[in-house]
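# Inside the fold
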Amino acid sequence: MAAVLESTPGAAAQSTAPIVRITALRKSYGSNEVLKGIDLDVRRGEVIAIIGKSGSGKSTLLRCINGLEVFQEGALTVDGRPLLHESAMAMRELRQRVGMIFQGFNLFPHLSVGRNVMLAPMLVKGRVKLQAASQARKLLARVGLEEKFDAMPEQLSGGQQQRVAIARALAMEPAVLLCDEITSALDPELVGEVLRVVESLAEEGMTLLMVTHEMNFARKVADRVIFMHQGRVHEMGPPEQLFGSPQTPELRQFLSSLHD
Amino acid sequence: MNDFSLWDILRNLLLALRWTVALSAIAFVGGGLVGALLLLARLGGGPFFDKAVALYVQLFQGTPLLMQLFLAYFGIALLGIDVSPWTAAALALTLYTSAFLAEIWRGCVASIPKGQWEASSSLALRFGEQLRHIILPQALKIAIPPTVGFLVQVIKGTALASVIGFVELTKAGSMISNATFKPFVVFSCVALMYFALCFPVSLLARQLERKTHGRRA
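Criteria and thresholds
Residues numbered from 1 in each chain as written. Chains lettered and ligands numbered in written order. Predicted model: local features only at pLDDT ≥ 70, side-chain atom pairs only at ≥ 80, totals over all residues. Helix = DSSP H or I, 4+ residues; strand = E, 2+ residues; numbered from the N terminus. Buried ≥ 20, exposed ≤ 12 C-beta atoms within 10 Å, placed from the backbone. pLDDT = per-residue confidence, 0-100. Contact = placed C-beta atoms within 7 Å. Nonpolar A, V, L, I, M, F, W, Y, C, P; charged D, E, K, R; others polar. Core = buried A, V, L, I, M, F, W, Y, C linked by C-beta atoms within 7 Å.

## With respect to the overall build of chain B
- Along chain B, the regular secondary structure elements total eight helices and zero strands.
- In chain B, the order of α-helices and β-strands from amino to carboxyl end is α-α-α-α-α-α-α-α.
- When the backbone C-alpha atoms are referred to their principal axes, chain B occupies close to 75 × 50 × 20 Å.
- Here chain B holds 217 residues, and the buried ones make up 35% of them.

Shown next as structure tokens:
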């Protein structure tokens, strides 16, 4: 069964155990069930785009993966380690493996750009300041913001802030990066600079799960697209298949609504 | 009685002013410390402490300071402990201040956007690290003006300690007024002294407010 699902040849399949495995995951707010049994395996280096209407549960699913949302049923493992909400130690372990980038950037406004990037490695990984600073400079260079090391977040444009947020997440050297509608709060002319950074990450083999409204970007970069509808994975497949020949009326309707 | 000059009145009031200042300082430092502990308990102590602190705050906010002073003075005596007006006043004002400061500061922490908690959580920071490096530095900036503003309320609140016989500015004023039969002169002086204490603090609060707002805008 596994061999059929794996697109990689059999020999490689052994080493490509899923980096994220979600099994029968259910989540509700009170009596309102927002995730109704999600099963998903994410391979190392895979880029997954999650699309769907607002309220379909796509952001909630993403936020379950790093424990920002608590789920009631099912299991979730990252790199073989189960997510345990009760254990602060286990959560700290897990969150070092899973980075997240938010729609609203969420930079720390009282810290300089450099400090934003350096803080978590120094506190969590025990890096010394010098080492953290040089890593931060490298990462800021990678997102094209080398010269902003000493700037305050409020002095940057939205696109620049989001690129700092990416550098900040990368500083923890995560195995998986979660992107929650990271271009939705940006002016249209700033979307490109952020997506280019994400694309370069994908090319370098970073495992990415992104909730996105940028269908062209999803088509171009994603290995797999997931269409969520009413708390379920409604349709899933390579982008050509999902965008080219949608199987369900819900997806067809969703895609056509985007062209209006 | 004409052997009381204005200087005599002022001198005696100034001596009593020391105790108003001392009581305010104790209430503020003690209340600040207890308030900070209450805030931490409320933030990190789970639902039980959250409820307990909320109740504590409601009790102190929902009863007159005067009653709190009476209860501290006569209530502790009921337990068989001999309590001086000084101790009772310091205790009551400390608890009163702690409740208000805990609530003011809780509001400041609550005003920090949720995204700051989420971003620092997803960077694997512990709760204590989040508070120390992300939340409190930002909350502190917002908290300074209302905290300094509340100091004015505490200074004026110390006047109530006179009812349990603690000789601070107001009590000294009424004692002198009884002796001199010049209540208007005496209480004018008393009022001026409160104003001289409170006005600079109010000015400071307003200035700090302008500064932080300017920086935030």
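## Let's talk about the confidence of the model for chain A
- Scored by pLDDT, chain A comes out at a mean of 92, with 93% of its residues at no less than 70.
- Confidence drops under pLDDT 50 across residues 1-14 of chain A; counting only partners more than four residues distant or on other chains, this segment forms seven contacts.

## Regarding the environment of Val148(B)
Residues and elements named next belong to chain B.
- Among the secondary structure elements, valine 148 is positioned in helix α6 (residues 127-157).
- The exposure class of valine 148 is partly exposed, given the 18 C-beta atoms found within 10 Å.
- Sequence separation between valine 148 and isoleucine 164 is 16 residues, and the spatial gap between their C-alpha atoms is 27 Å.
- Residues contacting valine 148, with those up to four places away along its chain left out, are Val201, Leu204, Ala205 and Leu208.

## A few points about the interface of chain A and chain B
- Contacts between the two partners involve 19 residues from chain A and, on the opposite side, 15 residues from chain B.
- Listed by contribution, the elements that provide at least two residues to the side of chain A that touches chain B are α4 (88-97), β6 (98-101) and α5 (113-124) of chain A.
- Here the side of chain A that touches chain B is composed, by residue class, of eleven nonpolar, six polar and two charged.

## Some thoughts on the nonpolar core
- One finds Ile50(A), Leu209(A), Leu69(B) and Ala89(B) to be the most contacted residues of the largest nonpolar core, which totals 119 residues.
- Top element by residues in this core is helix α4 (residues 85-110) of chain B. It accounts for twelve residues.
- When residues no more than four places from it in sequence are discounted, the contact partners of Leu209(A) are Val42(A), Ile48(A), Ile50(A), Leu62(A), Ile65(A), Val176(A) and Leu178(A).
- Core analysis: the next-biggest nonpolar cluster, separate from the first, contains nine residues, Ile9(B), Leu13(B), Leu169(B) and Ala172(B) among them.

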